[in-house]
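What the coordinates show
Chain by chain, the residues run as shown.
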Amino acid sequence: KEKYKDTLLEHTKANIEKMTDEGKALELENIKKDLDLFRVKFDVYSFESAIRKSGAIEKALKELESHIYVDNGAKILKTSEYLDDKDRPIVKSNGDFTYFLPDIAYHYDKLSRKFDYLIDVLGADHHGYVNRMKSALMMKGYKKETLEVPLIQVVRLMDQGVEVKMSKRTGNAITLKELCEEVGVDAVRYFFVARSNTSHLDFDYALAKSKTNDNPVYYAMYAHARLHNVLELGKGMKVDYSGKLLKEKSELDILKTLQEFPHIVEIIAKSHEVHKLTIFIHSLATLIHSFYNECRIVNKENLELTANRLGLVEASKIVLSNALSLIGVNAPNKM
């Protein structure tokens, strides 16, 4: 109203389009702010309306001609000849596109921009979508492996062991922004990553807010802060990275775990099972706490052993910080 005064009061197509475009732009800015808070950035935002205006849908329809038949006036795509359990309509009998056809055009557009591997992140209720889209890509000569579709399970918000009932219909819902502001971005990111895609996640609201060792995020961050404190205590002292004097079980356990880190990152990069990183983080944090409690790290009466232990502390701090940063979680020096 402040921007346009009364110039949009007339009920015309042009005015409706202007208000719609303005409203979408404002809402997208809100979404971007929420994602920025959550430490997520998208390089490109694609709108179905833009795909429709570009002529990409008609182009895809023409390219698929040899895989289409007509049934009662509707155009049907022969996806059952590939991976699908049945054929799928792409144009209704009244000439309107089904939602599937613009999606096909969107995927073709991505591949035309020289991307050779696509990942669609969808909810678990979209399992029937996977093979039909793979089939549409195979019709154009792409391998079925070109597209991967991880199906993400539902998140339940729990508070003191009781489910927080949410409903979009009644407006009783907790947004990502509200969750981040209430329990902290680090906790939300860690908890969301800590389960595999195929597992239901019960997000424990009270646990995520707690500052105890039962909270895995706090536990890992506290381990990092302890390592930093030790290095501050040993500042100016000699550091030896050879590890030649490290003989205690807690020391050797850490060395073995640090050695596994590159291999675990490689496995996760190939499998996309990011929850394995939180398993590694928790294991390393547990070993760090044990080492801290069991060994006298800075001992001025044994400078050579101290140098070896400070080397282990520094290596542990680097790896723990790197592991946390890979899931976008901070590694604080003080708690």
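This section reports on the structure supplied with the text. Quick caveat, the model's predicted, so the values are computed rather than measured. (Residues numbered from 1 in each chain as written. Predicted model: local features only at pLDDT ≥ 70, side-chain atom pairs only at ≥ 80, totals over all residues. Heavy atoms only, no water.)

Concerning the overall build of the chain
The helix and strand tally for the chain stands at 12 helices and 10 strands. For 335 residues, the compact-globule estimate of 2.2 N^0.38 gives 20 Å, and the chain exceeds it by more than 25% at 27 Å. Projected onto its principal axes, the C-alpha positions of the chain cover 90 × 55 × 40 Å. Split into buried and exposed, the 335 residues of the chain put 37% on the buried side. Here the contacts in the chain between residues at least 6 apart in sequence split such that 66% fall between residues at least 24 apart. Summed over all atoms, the accessible surface of the chain reaches about 20400 Å², with 53% contributed by carbon and sulfur. One finds the centroid of the 50 positive side-chain charges in the chain at a distance of 2 Å from the centroid of its 49 negative side-chain charges. (Helix = DSSP H or I, 4+ residues; strand = E, 2+ residues; numbered from the N terminus. Rg over C-alpha atoms; globule rule 2.2 N^0.38 Å. Buried < 20%, exposed > 50% of the residue type's maximum accessible area, 1.4 Å probe, protein only. Contact = heavy atoms within 4.5 Å. Areas by Shrake-Rupley, 256 points an atom, 1.4 Å probe, with all protein chains shown as cover. Lys, Arg positive; Asp, Glu negative; His and termini not counted. Charge placed at Lys NZ, Arg CZ, Asp CG, Glu CD.)

Let's talk about the pairing of strand 1 (residues 68-71)
By the bridge criterion, 4 bridges tie strand 1 to strand 2 (residues 74-77) in an arrangement that is antiparallel. Residue pairing for strand 2: D71 is matched across the bridge by A74. The turn joining strand 1 and strand 2, which pair antiparallel and follow one another in sequence, is formed by 2 residues; a positive phi near 55° is taken by N72. (Pairing = 2+ DSSP bridges.)

Quick word on the sheet that holds strand 8 (residues 155-159)
A sheet is described by the order of its strands in space; here 3 strands give the open sequence 9-8-10, paired in mixed fashion. Strands at the two margins of the open sheet, each flanked by one partner only, are strand 9 (162-163) and strand 10 (201-204). Bridge count between strand 8 and strand 10: 4 bridges; the pairing is parallel. In the sheet register, V155 faces strand 10, and the bridge partner there is L201.

Topic: the packing of aromatic side chains
Under the defined criterion, the tally for this structure stands at 6 aromatic pairs. For the pair F261 and F280, a centre-to-centre distance of 5.2 Å together with 25° between the ring planes defines the contact as stacked. With F261 in helix 10 (residues 249-271) and F280 in helix 11 (residues 275-294), the pair connects residues that are 19 residues apart, well separated along the chain. Across this residue pair, the class does not change: F261 and F280 are buried. By way of ring pairs, the aromatic residues F38, F191, F192 and F203 are connected into one cluster. The residue whose ring lies beneath K140 is Y108, and the NZ or CZ to ring-centre distance is 4.6 Å. Between the NZ or CZ atom of R189 and the centre of the ring of F38, over which it lies, the distance is 5.3 Å. (Phe/Tyr/Trp six-rings, centres within 6.5 Å; stacked < 30°, edge-to-face > 60°. Lys NZ or Arg CZ within 6 Å of the ring centre and 35° of its normal.)

Here we look at the packing of helix 6 (residues 176-183) against helix 7 (residues 185-193)
With their axes 6 Å apart at the nearest point, helix 6 and helix 7 run at an angle of 115° to one another. Across the interface between the two elements, L176, L179, C180 and V183 of helix 6 pack against V185, A187, V188 and F192 of helix 7. Considering only residue class, the contact of helix 6 with helix 7 consists of 8 nonpolar, no polar and no charged. (Axes fitted to C-alpha atoms, helices over the stretch in contact; angles between N-to-C directions. Nonpolar A, V, L, I, M, F, W, Y, C, P; charged D, E, K, R; others polar.)

Observations regarding the environment of I104
As for its placement among the helices and strands, I104 is situated in helix 4 (residues 100-112). Taking relative accessible area as the criterion, I104 reaches 0% and is therefore assigned buried. Along the backbone, I104 and K238 are 134 residues apart, and their C-alpha atoms lie at a distance of 62 Å. Those residues in contact with I104 that lie beyond four places of it in its chain are L64, L77, I90, M133 and A136.

Details of a nonpolar patch on the surface
Judged by side-chain polarity, Y117, I119, V121 and I152 come together as a nonpolar surface patch covering roughly 340 Å² of accessible area. Here I152 falls in the partly exposed class, since its relative accessible area comes to 31%. (Patch = residues over 30% accessible without salt bridge, like charges linked within 9 Å, V, L, I, M, F, W, Y side chains within 5 Å. Salt bridge = Lys/Arg side-chain N within 4 Å of Asp/Glu carboxyl O.)

Describing the pattern of salt bridges
Enumeration according to the criterion identifies 21 salt bridges in this entry. Close ionic contact of E182 with K209 constitutes a salt bridge, the shortest N to O distance being 3.0 Å. Within this pair, whereas E182 is found in helix 6, its partner K209 is found in helix 8 (residues 205-209), the two being separated by 27 residues in sequence. Relative accessible area serves as the criterion here: at 40%, E182 is assigned to the partly exposed category. Since its relative accessible area comes to 39%, K209 is described here as partly exposed. Taking the shortest distance from any N to any O, the salt bridge between K235 and E232 comes out at 3.4 Å. Among the residues examined, K235 registers a relative accessible area of 60% and is labelled exposed. Judged by its relative accessible area of 40%, E232 is partly exposed. The structure contains a network of salt bridges with shared partners spanning R156, E163, K165 and D202.

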